[in-house]
Amino acid sequence: MHELAIAQSIIDAVGEKAAMCNATRIKSVRLLIGEACGIFIDSLTFSFEMLASFDPMLDGARLLIDEVPHRAHCRHCNGVFAVASFVTQCPACQIWDTEIISGDELQILEMEIETEPSSSPLDDPETVAHEQQSTGGKNIHG
Amino acid sequence: MAKVVIAQKILAANDSIAVDIRQSLATRNIHTINIMSSPGAGKTTLLERTIERLHGQLDIGVIDGDIETSVDAERILAVGGETVQINTRGACHLEAHMIRDALDHLVLAPGGLLFIENIGNLVCPAHWNLGEDIRVVMVCTTEGDDKPAKYPQMFASSQVMIINKIDLQPYVDYDVAKVKQQALAVNPHLRIFEMSCRTGSGLDTWCEWLVTFARGTA
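Residues numbered from 1 in each chain as written. Chains lettered and ligands numbered in written order. Predicted model: local features only at pLDDT ≥ 70, side-chain atom pairs only at ≥ 80, totals over all residues.

Digging into the overall build of chain A
- For chain A, the count of helices and strands is three helices and six strands.
- In chain A, the succession of α and β elements from N to C terminus is α-β-α-β-β-β-β-β-α.
- Here chain A holds 142 residues, and the buried ones make up 32% of them.
- Here the contacts in chain A between residues at least 6 apart in sequence split such that 73% fall between residues at least 24 apart. (Helix = DSSP H or I, 4+ residues; strand = E, 2+ residues; numbered from the N terminus. Buried ≥ 20, exposed ≤ 12 C-beta atoms within 10 Å, placed from the backbone. Contact = placed C-beta atoms within 7 Å.)

Encoded structure:
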């Protein structure tokens, strides 16, 4: 059930960013999800699509997910191994002196947007954000 | 069509509030414990017995999370604890903004201890940072002895595990050694307490540790 709250967090974050970029439509959102995050991808996609359907700017947006395997590094043998069921014991030397190196990612990487024909497609979203704030233009939901 | 790089954590908004909560509590020297378990493991009973035992020694405040009712908050009040009840009306976990709002209604003495009693659930609460200093996960002998293996993220993200209802072990098929082994497999640094909140066994050790934790020396 936490996938619904996570989907809402994604919608809030991309909505805020889209407003700063003067977007008229969000076409897709790309995420990075680690295996250790306990996210059921189908459930997250379902929740995202359901919530997006209530927002004209996001309706029909695709959720693209890059999954990252749960992996750890052994400080003893220096090997890297796949972590199964959260057990971080090195399979080669059977010791526990290991560190997680991937699998806990829960990130929004990027989104594809459409903007008003008059506004120039800028590559740097920070620049777009800055210009929008300085002109006071923000809310594009209305 | 334009690509916009975002590169931010999905739960960044929650994490940012949690950082504010932690800083605000740290300036008042208040240490915070987020306690999580399945429904019925004994979280509220643990808090009742802890408040009674540490009366006069440590000021304890409790933020009580439940889907409905103020039953737990009333139990904490009855033993002399400060408390605020949060009703999530169906939501399966607490989020940082709920803690921020609850703190406006809670009187906490500097140097005291704050417990956040999360919703009974071993899945969703693991995702949400509430600004706590440590996480305590509680299991008990009347549930299955495979919880750490079934819900590894909860045990991997906690610093302390409590095994409660240890007095009932002779009457149930609960393998304490197996539970410890499973829990330590996903988190070798886990500190483990065995206790019975009903008989009081193990509570002295727990309370001694809490006092050192609240003084920042644990």
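Some remarks on the overall build of chain B
- Within chain B, the secondary structure is distributed over eight helices and eight strands.
- A globule of 218 residues ought to have a C-alpha radius of gyration of about 17 Å, and chain B, at 17 Å, matches this closely.
- Each of the three principal axes of chain B carries a C-alpha extent, and together these read 65 × 40 × 35 Å.
- Of the contacts formed within chain B by residues at least 6 apart in sequence, a portion of 74% connects residues at least 24 apart. (Rg over C-alpha atoms; globule rule 2.2 N^0.38 Å.)

Notes on the sheet that holds strand β1 (residues 2-9) of chain B
- Taken in spatial order, the four strands of this open sheet run β2(A)-β1(A)-β6(A)-β1(B), and their pairing is mixed. Of all strands in the sheet, those bounded by a partner on one side alone are β2 (62-68) of chain A together with β1 of chain B. Adjacent strand axes in the sheet meet at a mean angle of 20° when their direction is disregarded.
- Note: strand β6 (residues 106-115) of chain A against β1(B), six bridges, orientation antiparallel. Paired with A:M111 across the bridge in β1(B) is B:V4. (Pairing = 2+ DSSP bridges. Axes fitted to C-alpha atoms, helices over the stretch in contact; angles between N-to-C directions.)

Thoughts on the interface of chain B and chain A
- Between chain B and chain A, the contact holds 26 residues from the first and 29 residues from the second.
- When residues of the side of chain B that touches chain A are traced back to their parent elements, those giving at least two are β1, α1 (12-27), α6 (152-156) and α7 (176-186) of chain B.
- Residue composition of the side of chain B that touches chain A, by class: 20 nonpolar, four polar and two charged. (Nonpolar A, V, L, I, M, F, W, Y, C, P; charged D, E, K, R; others polar.)

Quick look at the pairing of strand β4 (residues 82-87) of chain B
Residues and elements named next belong to chain B.
- Inspection of the sheet shows strand β3 (residues 60-66) paired to β4 by six bridges, in the parallel sense. Across the sheet, G61 pairs through a bridge with E82, a residue of β4.
- In this region the chain leaves β3, passes through helix α3 (residues 71-78) and returns to the parallel neighbour β4; the handedness of that crossover is right-handed. (Right-handed = clockwise from strand over helix to strand, strands pointing away.)

Quick notes on the environment of A:E16
Residue and element names in this part refer to chain A.
- With respect to the element layout, E16 can be found in helix α1 (residues 2-20).
- By the C-beta count within 10 Å, which is 14 here, E16 ends up partly exposed.
- Distance from E16 to M57, taken between C-alpha atoms, is 12 Å for residues 41 residues apart in sequence.

A closer look at the pairing of strand β2 (residues 31-37) of chain B
All names here are of chain B.
- Burial of β2 is extensive: seven of the seven residues sit out of reach of the surface.
- Burial along β2 is two-sided: the face carrying H31, I33, I35 and S37 and the face carrying T32, N34 and M36 are both buried.
- For β2 and strand β5 (residues 113-117), the ladder comprises five bridges, and the chain directions are parallel. Looking across to β5, one finds that H31 is bridged to L113.
- With five bridges joining them, β2 and strand β6 (residues 134-140) adopt parallel strand pairing. Each bridged residue has a counterpart across the sheet, and for S37 the counterpart in β6 is M138.

Some points on the packing of helix α2 (residues 43-53) of chain B against helix α8 (residues 203-214) of chain B
Residues and elements named next belong to chain B.
- As a packed pair, α2 and α8 sit with axes 11 Å apart at the nearest point and diverge in direction by 70°. Judged by the angle between their axes, α2 and α8 are roughly perpendicular. Judged by the sense of rotation from one axis to the other, the crossing of α2 with α8 is right-handed. Contacts between α2 and α8 involve R49, T50 and R53 from the first element and L203, C207 and L210 from the second.
- The residue makeup of the contact of α2 with α8, split by class, is three nonpolar, one polar and two charged. (Parallel < 35°, antiparallel > 145°, perpendicular 65-115°, else oblique. Left-handed = near helix turned anticlockwise from the far one by under 90°.)

Remarks on the nonpolar core
- Counting residues in hydrophobic clusters, the biggest one holds 86 residues, and the most contacted among them are A:I10, A:V14, A:I26, B:I99, B:F115 and B:M138.
- Residue contributions to this core peak at seven residues, all from α1(A).
- Those residues in contact with B:I99 that lie beyond four places of it in its chain are B:I21, B:I63, B:L94, B:I116, B:L130 and B:G131. (Core = buried A, V, L, I, M, F, W, Y, C linked by C-beta atoms within 7 Å.)

As for the confidence of the model for chain A
- Across chain A, the average pLDDT comes to 86, with 82% of residues at 70 or higher.
- With pLDDT under 50 throughout, residues 127-142 of chain A is counted as low confidence; its partners more than four residues away or in other chains account for 19 contacts. (pLDDT = per-residue confidence, 0-100.)

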